[in-house]
Amino acid sequence: MCIDALDRAESCGGHFRVESQTPDGEAKRDDDHFSFVSAWEWKGNGEGWALHKEPLNFEHVHLTQRSYK
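**Overview of the side chain of Arg17**
Here is step 1 of the chain: Considering the arrangement of structural elements, one finds Arg17 in the loop between helix H1 (2-7) and helix H2 (31-34).
Here is step 2 of the chain: Here the side chain of Arg17 touches Ala5 through a polar contact of 3.1 Å, landing on its backbone oxygen.
Here is step 3 of the chain: Within the structure, Arg17 has its side chain in polar contact with the backbone oxygen of Leu6 (distance 3.1 Å).
Here is step 4 of the chain: Among residues more than four places away in sequence, those in contact with Arg17 are Ala5, Leu6, Arg8, Ala9, Glu10 and Ser11.

**Let's talk about the pairing of strand E2 (residues 49-55)**
Here is step 1 of the chain: Judged from the seven bridges that link them, strand E1 (residues 36-42) and E2 form a sheet pairing that is antiparallel. Following the sheet pairing, Ala39 is matched in E2 by His52.
Here is step 2 of the chain: Counted along the chain from E1 to the antiparallel partner E2, the turn is six residues long, and its residue Gly44 has a positive phi close to 115°.

**Structural notes on the pattern of salt bridges**
Here is step 1 of the chain: For the structure shown, the criterion picks out five salt bridges.
Here is step 2 of the chain: In this structure, Arg29 engages Asp31 in a salt bridge whose closest nitrogen and oxygen atoms are separated by 2.9 Å.
Here is step 3 of the chain: One salt-bridge network, held together by shared partners, links Asp4, Arg8 and Glu10.

**A short note on the packing of aromatic side chains**
To describe a pair of aromatic rings, one takes the distance between the centres and the angle between the planes.
Here is step 1 of the chain: In the structure shown here, the tally under the stated rule is two aromatic pairs.
Here is step 2 of the chain: An angle of 40° between the planes, with centres 6.2 Å apart, marks the rings of Phe34 and Phe36 as tilted.
Here is step 3 of the chain: On the basis of relative accessibility, which here comes to 14%, the residue Phe34 falls in the buried class.
Here is step 4 of the chain: For Arg8, the ring lying beneath its charged end belongs to Phe36, and the centroid distance is 4.6 Å.
Here is step 5 of the chain: The lysine or arginine in question, Lys53, covers the ring of Phe36, its NZ or CZ lying 4.7 Å from the ring centre.

**Quick word on the environment of Trp42**
Here is step 1 of the chain: Following the sequence through the fold, Trp42 ends up in strand E1.
Here is step 2 of the chain: The contacts of Trp42, once residues within four sequence positions are left out, are Gly48 and Trp49.

**As for the side chain of Asp4**
Here is step 1 of the chain: Assignment of secondary structure puts Asp4 in helix H1.
Here is step 2 of the chain: Engagement of the side chain of Asp4 in a polar contact is seen with the side chain of Ser38, the distance being 2.7 Å.
Here is step 3 of the chain: A distance of 3.0 Å separates a polar atom in the side chain of Asp4 from a polar atom in the side chain of Trp40.
Here is step 4 of the chain: Those residues in contact with Asp4, other than ones at most four positions away along the chain, are Ser38 and Trp40.

About the criteria used
- Residues numbered from 1 in each chain as written.
- Predicted model: local features only at pLDDT ≥ 70, side-chain atom pairs only at ≥ 80, totals over all residues.
- Heavy atoms only, no water.
- Helix = DSSP H or I, 4+ residues; strand = E, 2+ residues; numbered from the N terminus.
- Polar contact = N/O pair within 3.5 Å; in protein donor to acceptor, adjacent residues only side chain to side chain.
- Contact = heavy atoms within 4.5 Å.
- Pairing = 2+ DSSP bridges.
- Salt bridge = Lys/Arg side-chain N within 4 Å of Asp/Glu carboxyl O.
- Phe/Tyr/Trp six-rings, centres within 6.5 Å; stacked < 30°, edge-to-face > 60°.
- Buried < 20%, exposed > 50% of the residue type's maximum accessible area, 1.4 Å probe, protein only.
- Lys NZ or Arg CZ within 6 Å of the ring centre and 35° of its normal.

Shown next as structure tokens:
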């Protein structure tokens, strides 16, 4: 989970990045680059982590910017 949060240059889900926020201080999503589910696999010493992606496809809802205010 921590590796994924560091890899994603956006604020979404369970993490917030100061450099990725709206002018009002809300979490700013980047669905163009991060609309997928991540699974990270440890490949072993010397090889590190491998990212596996599963695309998110929505038929009946639209992705939108959330407001927590």
